[in-house]
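Residues per chain, in single letters:
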Amino acid sequence: MMTFVKALAGSIAMLAVASTLSAQPASESRAEKKTILIGHYGSLTGSEATFGKSTSNGLRLAIKEFNASGGLKGQHIELKEYDTRGDAGEAKLAVERLVKSDNVVAVIGEVASKLSLAGAPVCQEAGVPMISPSSTNPRVTEVGDYIFRVCFIDPFQGFAGAKFARENLKAKSAALLVDQAQAYAVGLAEEFEKNFTKLGGRIGTRQTYTGGASDFTAQLTSIRSAKVDVIYIPGYYTDVGNIALQARKLGITQPLLGGDGWDSAELAKIAKDAIEGCYYTNHYAPDQPDARVQEFIKSYKAEFGGATPDGLAALGYDAGRLLFDAMKRAGSTEGKALRAAIAETKDFPGVTGDITINAKRDATKSAVVVEMAGDPPAPKYVTTIKPD
């Protein structure tokens, strides 16, 4: 059951969603129901709304399964959720509300690194563990010892993209087209360039844009003149779809390559067949030949009307399950004990791969590469790249 509540923080309206995933009557207090409140902040509306919605769905499925198994010593999980609308200011306000007003025991979020960097200091100061499902910029967990993630980080994702370009696509040269306003895109581009050149490749040109732009003609014309083998675009699906359309109209036929920011069903809806034959690194692929993955997909489809979960849904699911596993091992939801248990996570069996939290509170794990193929184009598993 979901109740939508309007919250006003200053002059900014945020959407709060409180969810009780328990069989207890809604009229009872949380104490009477013996529930544990956790928080989630994500982009449920705005240009990257599929990120927040998918993460929320995956987290909700994890909560439902945990509660059905008996919860933590009979206590069920209850979810409080706020919409950041993709704005860093609202992300900070959402987390302040979660930890200071709602008194959650842990926070899941955000997807975008820029928004996690806005919310993480609030959790760190309050001593409330935060697990980002999918923020890949290294600076996120550098905020402090209460901040974790279940995804790989940009240095590895950049390496994976560069290795695939050199070894699988046999690319000798590459162009970069980077959203200069996104910490995610800038960091990923730097790591791709470093690793691509280390592997013997050459960067022919580096072009920039600002997310939300509508015309990429100047940048793409420069890239066309550079005559490179592959074009690396570590942006979000909203921009990448338009870039792909404009690139093909300009006669650019080289494969486009990107990161997990591409991962949305909206990408193919925007770009159509212009995105076919392009690749991106991701956390999992729906067609992976892995029993754990297929069982998750079966449960997700049953819960959400037959929809196939994307990588963000899988990471939201893993973030929730890892948190609940830590709660059981800690035997407590107290901040210090819970933080310590999350930090001690080793070989946790996630659907996005086995997860070990390292000394920097990052997840050590593999990445997959998918190709946009078919009619309409959809992500198809190509290969798995392990940490070097």
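Residues numbered from 1 in each chain as written. Predicted model: local features only at pLDDT ≥ 70, side-chain atom pairs only at ≥ 80, totals over all residues. Heavy atoms only, no water.

Peer 1: Go over the state of the cysteines with me, naming the residues and quoting the values.
Peer 2: Counted according to the given criterion, the structure contains 0 disulfides. Cysteine 123 takes part in no disulfide bond, and the closest cysteine sulfur, belonging to cysteine 151, lies 16 Å away. Taking relative accessible area as the criterion, cysteine 123 reaches 0% and is therefore assigned buried. Cysteine 151 gets classed as buried once you look at its relative accessible area, which sits at 0%. (Disulfide = S-S within 2.5 Å. Buried < 20%, exposed > 50% of the residue type's maximum accessible area, 1.4 Å probe, protein only.)

Peer 1: Describe the sheet that holds strand 13 (residues 348-350), naming the residues involved and giving the relevant values.
Peer 2: Ordered in space as 13-14-15, the 3 strands form an open sheet in which the pairing is antiparallel. Taken across any chain shown, the strands that pair with only one partner, and hence form the sheet edges, are strand 13 and strand 15 (363-364). Taken together, the 2 bridges between strand 14 (residues 353-357) and strand 15 define a ladder with antiparallel strand orientation. Bridge pairing in strand 15 places isoleucine 357 opposite alanine 363. Its contacts with the sheet place helix 11 (residues 311-330) against strand 13 and strand 14, and it is angled at close to 155 degrees to strand 13. (Pairing = 2+ DSSP bridges. Helix = DSSP H or I, 4+ residues; strand = E, 2+ residues; numbered from the N terminus. Contact = heavy atoms within 4.5 Å. Axes fitted to C-alpha atoms, helices over the stretch in contact; angles between N-to-C directions.)

Peer 1: Describe the packing of helix 3 (residues 88-101) against helix 4 (residues 113-126), with residues and values.
Peer 2: Remark: helix 3 packs on helix 4, axes separated minimally by 8 Å, with the N-to-C direction vectors making an angle of 25 degrees. As the angle between them shows, helix 3 and helix 4 are arranged roughly parallel. For the pair helix 3 and helix 4, the crossing hand works out as right-handed. For the pair helix 3 and helix 4, contact is made by Ala88, Ala91, Lys92, Val95, Glu96 and Val99 and by Lys114, Leu115, Ala118, Gly119, Val122, Cys123 and Ala126, respectively. Partitioning the contact of helix 3 with helix 4 into residue classes produces 9 nonpolar, 1 polar and 3 charged. (Parallel < 35°, antiparallel > 145°, perpendicular 65-115°, else oblique. Left-handed = near helix turned anticlockwise from the far one by under 90°. Nonpolar A, V, L, I, M, F, W, Y, C, P; charged D, E, K, R; others polar.)

Peer 1: Quick rundown of the packing of aromatic side chains? Include the residues and the values.
Peer 2: Applying the stated criterion to the full structure yields 15 aromatic pairs. Aromatic pair phenylalanine 296 and tyrosine 300: ring centres 5.8 Å apart, planes at 55 degrees, arrangement tilted. Within this pair, phenylalanine 296 and its partner tyrosine 300 are both found in helix 10 (residues 291-303), separated by 4 residues, close to a single helical turn. For the residue pair phenylalanine 296 and tyrosine 300, the accessibility class agrees, reading buried in each case. Of the aromatic side chains, those joined through ring pairs into one cluster are Tyr284, Phe296, Tyr300, Phe304 and Tyr317. (Phe/Tyr/Trp six-rings, centres within 6.5 Å; stacked < 30°, edge-to-face > 60°.)

Peer 1: Residue-level account of the environment of threonine 141, with values.
Peer 2: Its location among the elements puts threonine 141 in the loop between strand 6 (130-132) and strand 7 (147-149). For the pair threonine 141 and glutamine 207, spaced 66 residues apart in the sequence, the C-alpha separation amounts to 29 Å. In contact with threonine 141, not counting residues within four places along its chain, are Ile147, Phe148, Arg149, Lys360, Arg361 and Asp362.

Peer 1: Kindly report on the environment of alanine 49, identifying the contributing residues and their values.
Peer 2: As for its position among the elements, alanine 49 is in helix 2 (residues 49-68). Relative accessible area serves as the criterion here: at 11%, alanine 49 is assigned to the buried category. For alanine 49 and glycine 86, which are 37 residues apart along the polypeptide, the C-alpha to C-alpha distance reads 7.9 Å. Not counting the four nearest positions on each side in its chain, alanine 49 is found in contact with Ser43, Leu44 and Tyr237.

Peer 1: Give me the packing of helix 2 against helix 10: which residues, what numbers.
Peer 2: Put simply, helix 2 and helix 10 touch, their axes get as near as 11 Å, and they point 100 degrees apart. In this view, helix 2 runs roughly perpendicular relative to helix 10, as classed from their interaxial angle. The residues of helix 10 that touch helix 2, namely those facing Ser54, Asn57, Gly58, Leu61, Lys64 and Glu65, are Phe296, Ser299, Tyr300 and Glu303. Its residues assigned to classes, the contact of helix 2 with helix 10 shows 3 nonpolar, 4 polar and 3 charged.

Peer 1: Please set out the pattern of salt bridges residue by residue, giving values where relevant.
Peer 2: Enumeration according to the criterion identifies 11 salt bridges in this entry. Arginine 60 is the partner of glutamate 81 in a salt bridge, and the nearest nitrogen-oxygen pair spans 2.9 Å. Of this pair, glutamate 81 sits in strand 4 (residues 76-83) while arginine 60 is found in helix 2, placing the two residues 21 residues apart along the sequence. Accessibility classification places glutamate 81 together with arginine 60 in one group, the buried group. (Salt bridge = Lys/Arg side-chain N within 4 Å of Asp/Glu carboxyl O.)

Peer 1: I'd like a rundown of the pairing of strand 16 (residues 367-373), residues and numbers included.
Peer 2: Most of strand 16 is tucked away, with 6 of its 7 residues classed as buried. Relative to strand 17 (residues 378-385), strand 16 runs antiparallel, the two being bridged by 7 bridges. Looking at the pairing, methionine 372 lines up with proline 379 of strand 17. Here strand 16 hands over to strand 17 after 4 residues, with glycine 374 in that stretch at a positive phi of 105 degrees.

Peer 1: Give me the side chain of glutamine 157: which residues, what numbers.
Peer 2: Considering the arrangement of structural elements, one finds glutamine 157 in helix 5 (residues 154-168). Given the relative accessible area of 0%, glutamine 157 is considered buried. Here aspartate 260 takes part through its backbone nitrogen, which lies 2.8 Å from a polar atom of the side chain of glutamine 157. If we ignore the near neighbours within four places in the chain, the residues touching glutamine 157 are Thr136, Phe152, Tyr184, Leu188, Gly259, Asp260 and Thr281. (Polar contact = N/O pair within 3.5 Å; in protein donor to acceptor, adjacent residues only side chain to side chain.)

Peer 1: Please set out the sheet that holds strand 17 residue by residue, giving values where relevant.
Peer 2: Taken in spatial order, the 7 strands make up an open sheet running 9-8-10-11-12-16-17, and their pairing is mixed. The open sheet has two edge strands with one neighbour each: strand 9 (202-209) and strand 17. Ignoring strand direction, the axes of neighbouring strands in this sheet form an average angle of 25 degrees. As paired elements, strand 8 (residues 173-179) and strand 10 (residues 230-232) share 3 bridges and run parallel to each other. When the sheet's bridge partners are listed, alanine 175 is paired in strand 10 with isoleucine 231. Running at roughly 95 degrees to strand 17, helix 5 makes contact with strand 10, strand 11 (256-258), strand 12 (278-282), strand 16 and strand 17 of the sheet.

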